[in-house]
Amino acid sequence: MTARKSSGDPVTSRVWQRMLSGRRLNLIDPSPLDIEIADIAHGLARVARWNGQTSGAHIFSVAQHTLLVEAVMREQAPRIDISWRLAALLHDAPEYVIGDMISPFKAVLGEDYKAVEKRLLSAIHIRFGLPAVLADKITQTIKVADRGAAYLEATELAGFAPDEAKRLFGRDPELSPATRQDYLTPWSAAKAEKRYLARFKALASE
């Protein structure tokens, strides 16, 4: 009979993910040195919002969602510092490792999920020159833009009635028709990745 592997076996206890860049990111103790924007863009462009329950020829990716959030923030807070726009673009970046859990499932998982997410986000912030933990005011500004983006996605792509979406996510951020058309037409993974990287570079270089 083959002996059972112990709980400390290196195969069964692996807590890192290997990225296409070659980096190995530890989920328990993530190092900013193991984080690359190319890995984030590649991963987020292939992670579906709403568990894939959206209309369109492609998934609506987390990469496209974060670009929408940053666009909503530009409308709602046009004078906000460029660093906080970058923070908005990166607000869901941990999902390149842990995926996009819908809010009901996050509630089921509880604090363990949130702790992993917070550690990853802090490491990502440090990697790109942001505070490990954002000020409450900035976090709230991003959250308002995030909810505005969720309202648009819910009503345009995920089958929610406006009244239901307003109750769950808040008001319509009232983007221009051209902006809505662009950001709410699901892109291919390649397009989402390319546009995410381009926006990151634009924000990081200012």
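How each quantity is defined
Residues numbered from 1 in each chain as written. Predicted model: local features only at pLDDT ≥ 70, side-chain atom pairs only at ≥ 80, totals over all residues. Heavy atoms only, no water. Helix = DSSP H or I, 4+ residues; strand = E, 2+ residues; numbered from the N terminus. Expected span 1.5 Å × (residues − 1). Buried < 20%, exposed > 50% of the residue type's maximum accessible area, 1.4 Å probe, protein only. Arc of directions from axis to C-beta. Contact = heavy atoms within 4.5 Å. Axes fitted to C-alpha atoms, helices over the stretch in contact; angles between N-to-C directions. Parallel < 35°, antiparallel > 145°, perpendicular 65-115°, else oblique. Left-handed = near helix turned anticlockwise from the far one by under 90°. Salt bridge = Lys/Arg side-chain N within 4 Å of Asp/Glu carboxyl O. pLDDT = per-residue confidence, 0-100. Core = buried A, V, L, I, M, F, W, Y, C linked by side-chain atoms within 4.5 Å. Phe/Tyr/Trp six-rings, centres within 6.5 Å; stacked < 30°, edge-to-face > 60°.

A. Summary view of helix 10 (residues 189-204). Spanning 16 residues, helix 10 covers 22 Å between terminal C-alpha atoms, matching the ideal 22 Å at 1.5 Å per step. Buried within helix 10 are the following residues: Ala192, Glu193, Tyr196, Leu197, Phe200 and Leu203. An end-on view of helix 10 places all buried positions within 135° of arc, on one side of the element. Pointing more than 90 degrees away from the buried face of helix 10 are the exposed residues Ala190, Lys194 and Lys201. Contact partners of the buried residues in helix 10: helix 1 (37-44), helix 2 (62-76) and helix 3 (82-89).

B. Spatial organisation of the packing of helix 3 against helix 10. Between helix 3 and helix 10, the least distance of the axes is 9 Å, while the angle of their chain directions is 155°. Considered as vectors, helix 3 and helix 10 are oriented roughly antiparallel to each other. Judged by the twist between their axes, the crossing of helix 3 over helix 10 is left-handed. Every residue of helix 10 that contacts helix 3 at Ile82, Arg85, Leu86 and Leu89 is listed here: Tyr196, Arg199, Phe200 and Leu203.

C. Up close: the pattern of salt bridges. Counted by the stated rule, this structure contains 9 salt bridges. Close ionic contact of Arg23 with Glu36 constitutes a salt bridge, the shortest N to O distance being 2.9 Å. Linking Arg23 in the loop between strand 1 (16-18) and strand 2 (24-26) with Glu36 in the loop between strand 2 and helix 1, this pair joins segments that are 13 residues apart in sequence. Across the salt bridge formed by Arg46 and Glu193, the nearest N and O atoms sit 3.0 Å from each other. Note that Arg46 is positioned in the loop between helix 1 and helix 2 and Glu193 in helix 10, a separation of 147 residues in sequence. When its relative accessible area of 17% is taken as the criterion, Glu193 is described as buried. Here the salt bridges do not stand alone but share partners, grouping Arg23, Glu36 and Arg127 into one network.

D. Looking closely at the confidence of the model for the protein. For the protein, the average pLDDT comes to 91, and 89% of its residues sit at 70 or higher. Within the protein, no element has a lower average pLDDT than helix 5 (residues 103-109), which sits at 67, and none a higher one than helix 1, at 98. Throughout residues 1-8 the model reports pLDDT below 50, and contacts reaching past four residues in sequence, or to other chains, amount to 4 contacts.

E. Expanded view of the nonpolar core. Counting 59 residues, the largest nonpolar core has Ile40, Leu68, Leu90, Tyr96 and Tyr196 as the members making the most contacts within it. Taken together, the elements giving at least two residues each to this core come down to helix 1, helix 2, helix 3, helix 4 (95-98), helix 6 (111-127), helix 7 (136-156), helix 8 (162-169) and helix 10. Apart from residues no more than four positions distant in its own chain, Leu68 is found in contact with Phe60, Ala149, Leu152, Glu153, Leu175, Tyr183 and Leu184.

F. Geometry of the packing of helix 2 against helix 3. The interhelical angle for the contact between helix 2 and helix 3, taken along N-to-C directions, is 150°, at an axis separation of 8 Å. By the angle between their axes, helix 2 is roughly antiparallel relative to helix 3. In the packing of helix 2 onto helix 3, the handedness of the crossing is right-handed. Across the interface between the two elements, Thr66, Leu67, Val69, Glu70, Met73 and Arg74 of helix 2 pack against Trp84, Arg85, Ala88 and Leu89 of helix 3.

G. Layout of the packing of aromatic side chains. Tallied over the full model, the rule gives 5 aromatic pairs. Centroid distance Trp50 to Phe169: 5.7 Å. Interplanar angle 90°. Geometry classified as edge-to-face. Pair noted here: Trp50 is in the loop between helix 1 and helix 2 and Phe169 is in helix 8, with a separation of 119 residues, a long-range link. The two residues Trp50 and Phe169 agree in class, both being buried. Aromatic side chains Phe128 and Phe200 sit 5.0 Å apart centroid to centroid with 70° between the ring planes, which places their arrangement in the edge-to-face category. Taken together, the positions of Phe128 in the loop between helix 6 and helix 7 and Phe200 in helix 10 put the pair 72 residues apart, joining distant regions of the chain. Accessibility classification places Phe128 together with Phe200 in one group, the buried group.

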